[in-house]
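Commentary on secondary and tertiary structure
Listed here are the chains, written in short residue letters.
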Amino acid sequence: MALIPFAWLRALKPLLWPLRVLAARGWLREADIDFCLARMHPALRLNRVFARVAARQWVAEDMLQLSLQANGNWAGATPGQHLQLFVEREGVRLSRTYSLTSVQPGGRLQVAIKLQAGGRVSPFLLEHLAVGDLLELGPVQGEMNWPQANEGVLLLAAGSGITPLLGLLRQALAKGFSAPITLLHYVREQGQRAFVEELQALQGQYANLQVQWSLTAEANEAAVLNGRFNAAHLQALNATAPGNVLACGPAGFVSQVQQWWQGAQLPGVLQVEAFTPPALLALDGVRAVQLGFARSHQQRPADNQRSLLEWAEAQGLQPAHGCRQGICASCTCTLLSGTVRDMRSGALFSEPGQPIRLCVSAAHSDVEIDL
Ligand code: FES
């Protein structure tokens, strides 16, 4: 039970600076300070960012928007960026990365979460996270930004790729961006047209905005567009020569957009963000190796095919992890000895003390890691 209300946390931040100084000088441990602060309120911490769920809103059949109120440690962000949300499930700390759809003063922010069927985090967040619950937030990342020049902008989104683009679009319209904007969103079915009511309302309000959807899994005779991204869609929308293009979606979609952009040789700038990584490289022949988990004082025979994260879990260990795709860095661990292979690029690493991402690293020789 909290001794102080959540609403006081932001105001308390300046009062914590003496503790910050003591922690920075090594005279107190941050973990001990946090333990005491959390007695007053579970979201009161020296540096860690926690947020309270202020509202839940379904914005598509399979997407929920969360409105969050952060504690005083939130340093801000810009729409178009993304951050990690942490949850603990069955004793394992998990995280996933979600895009910011809105950032407001006073620590108010919104993220949108798409259901990943069979996932470990999104079904929990969508079904069980309630208004008033607390979440820990990770660092904010992402470079995508709205073009500075007042030239036409083409926004291309697939699936949950709509979320960072919506954040940027909302901000640009609110600031008075007046050049033509075309937003084309690819979804499998009608019900997955996230934020459809808001986007239609914006289209009615701003004469320079046109929004269209293309259904990729169901042919709809009434729809203007059907099927996956192709240049004919842009012709249908009279958007063949935009000044700037922003595209976000799965890696395959982003790659198609990049190929179109290279072929079209248009002036302007293309910004892309893919939220699934390229496929992992096939490894060379199977080789037996020995894995050592130093902190757990455990050893096990393994091979060079599966990731170190999978082997650690097979050993009964529970390393922190999030995306399992080499993106979020939650599974980063220190290599103590041996050689590991980055399963995405094939690069080899053998420097002791090197940070490695367990989910995309495989043993290349006998390996010991700090786990
Ligand atoms: S779990 Fe996200 S980088 Fe490994």
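Residues numbered from 1 in each chain as written. Predicted model: local features only at pLDDT ≥ 70, side-chain atom pairs only at ≥ 80, totals over all residues. Heavy atoms only, no water.

Things to note about the overall build of the chain
Secondary structure summary: the chain contains 9 helices and 20 strands in total. In terms of C-alpha radius of gyration, the chain reaches 23 Å, essentially the compact-globule figure of 21 Å for 371 residues. If you line up the chain on its principal axes, its C-alpha atoms span 65 × 60 × 35 Å. Each of the 371 residues in the chain was classed as buried or not, and the buried ones make up 47%. Of all intrachain contacts in the chain linking residues separated by at least 6 positions in sequence, the fraction that spans at least 24 positions is 64%. Total accessible area on the chain is roughly 17700 Å²; 52% of this is exposed by carbon and sulfur atoms. Side chains of the chain carry 29 positive and 27 negative charges; the gap between the two charge centres is 6 Å. (Helix = DSSP H or I, 4+ residues; strand = E, 2+ residues; numbered from the N terminus. Rg over C-alpha atoms; globule rule 2.2 N^0.38 Å. Buried < 20%, exposed > 50% of the residue type's maximum accessible area, 1.4 Å probe, protein only. Contact = heavy atoms within 4.5 Å. Areas by Shrake-Rupley, 256 points an atom, 1.4 Å probe, with all protein chains shown as cover. Lys, Arg positive; Asp, Glu negative; His and termini not counted. Charge placed at Lys NZ, Arg CZ, Asp CG, Glu CD.)

Some remarks on the side chain of D34
Here D34 lies in helix α3 (residues 30-40). Look at D34: it is buried, it has no salt bridge, and the nearest opposite charge is R48 at 4.2 Å. Not counting chain neighbours up to four residues away, the residues in contact with D34 comprise L44, R45, L46 and R48. (Salt bridge = Lys/Arg side-chain N within 4 Å of Asp/Glu carboxyl O.)

Things to note about the packing of aromatic side chains
All told, the structure shown has 6 aromatic pairs when counted by the stated rule. Aromatic pair F229 and W260: ring centres 5.9 Å apart, planes at 75 degrees, arrangement edge-to-face. Taken together, the positions of F229 in the loop between β10 (225-226) and α7 (231-236) and W260 in helix α8 (residues 251-264) put the pair 31 residues apart, joining distant regions of the chain. Accessibility expressed as a relative area gives 8% for F229, which makes it buried. Through a chain of ring-to-ring contacts, the aromatic side chains of Y186, F229, F253, W260 and W261 assemble into a single cluster. A cation over an aromatic ring shows up here: R193 above the ring of W213, its NZ or CZ 5.4 Å from the ring centre. Of note, R306 hangs over the ring of W311, and the distance from its end group to the ring centre comes to 4.6 Å. (Phe/Tyr/Trp six-rings, centres within 6.5 Å; stacked < 30°, edge-to-face > 60°. Lys NZ or Arg CZ within 6 Å of the ring centre and 35° of its normal.)

Quick look at the pattern of salt bridges
Across all of its chains, the model carries 8 salt bridges by this definition. The partner of D62 in a salt bridge is K114, with the nearest N and O atoms 2.6 Å apart. Linking D62 in the loop between β1 (49-60) and β2 (63-70) with K114 in strand β5 (residues 108-114), this pair joins segments that are 52 residues apart in sequence. You can call K114 buried: its relative accessible area is 18%. The residue R306 makes a salt bridge to E310 at a minimum N-O spacing of 3.9 Å. A relative accessible area of 32% places E310 in the partly exposed class.

A short note on the domain arrangement of the chain
Along its sequence, the chain is carved into domain 1 (1-47), domain 2 (49-142), domain 3 (153-274) and domain 4 (288-369). Here domain 1 and domain 4 have C-alpha centroids that lie 34 Å from each other. (Domains from an automatic or database assignment.)

Brief notes about the sheet that holds strand β14 (residues 298-303)
With mixed pairing, 5 strands are arranged side by side in an open sheet as β14-β13-β20-β15-β18. One side of each edge strand has no neighbouring strand; the edge strands of this open sheet are β14 and β18 (355-357). Each strand axis lies, on average, 40 degrees off the axis of its neighbour in the sheet, ignoring direction. Both strand β15 (residues 332-337) and β18 contribute to a ladder of 3 bridges, which runs antiparallel. Across the sheet, residue T332 finds its bridge partner in β18, namely R357. (Pairing = 2+ DSSP bridges. Axes fitted to C-alpha atoms, helices over the stretch in contact; angles between N-to-C directions.)

Some remarks on α3
Working note: α-helix, 3.6 residues per turn, so residues spaced by three or four point in the same direction. Those residues of α3 lying buried are I33, D34, L37 and A38. Take α3 and look down its axis: the buried residues cluster within an arc of 135 degrees, on one side only. Structurally, α3 contributes buried residues whose contacts are with α2 (17-24). (Arc of directions from axis to C-beta.)

Quick look at the sheet that holds strand β17 (residues 348-349)
The 3 strands are arranged β17-β16-β19 in an open sheet whose pairing can be described as antiparallel. Here the strands that pair on one side only, and so sit at the sheet edges, are β17 and β19 (361-363). Sheet topology places strand β16 (residues 340-342) next to β17; 2 bridges connect them, and they run antiparallel. Looking across to β17, one finds that R341 is bridged to L348.

Observations concerning unusual backbone geometry
In this model, F195 sits at a positive phi of 60 degrees, which is unusual for a non-glycine residue. Tracing the backbone through its elements, the reader meets F195 in the loop between β8 (181-187) and α6 (196-205). In the Ramachandran plot, N238 falls in the positive-phi region, its phi being about 55 degrees despite a non-glycine side chain. In this fold, N238 is placed in the loop between α7 and β11 (244-249).

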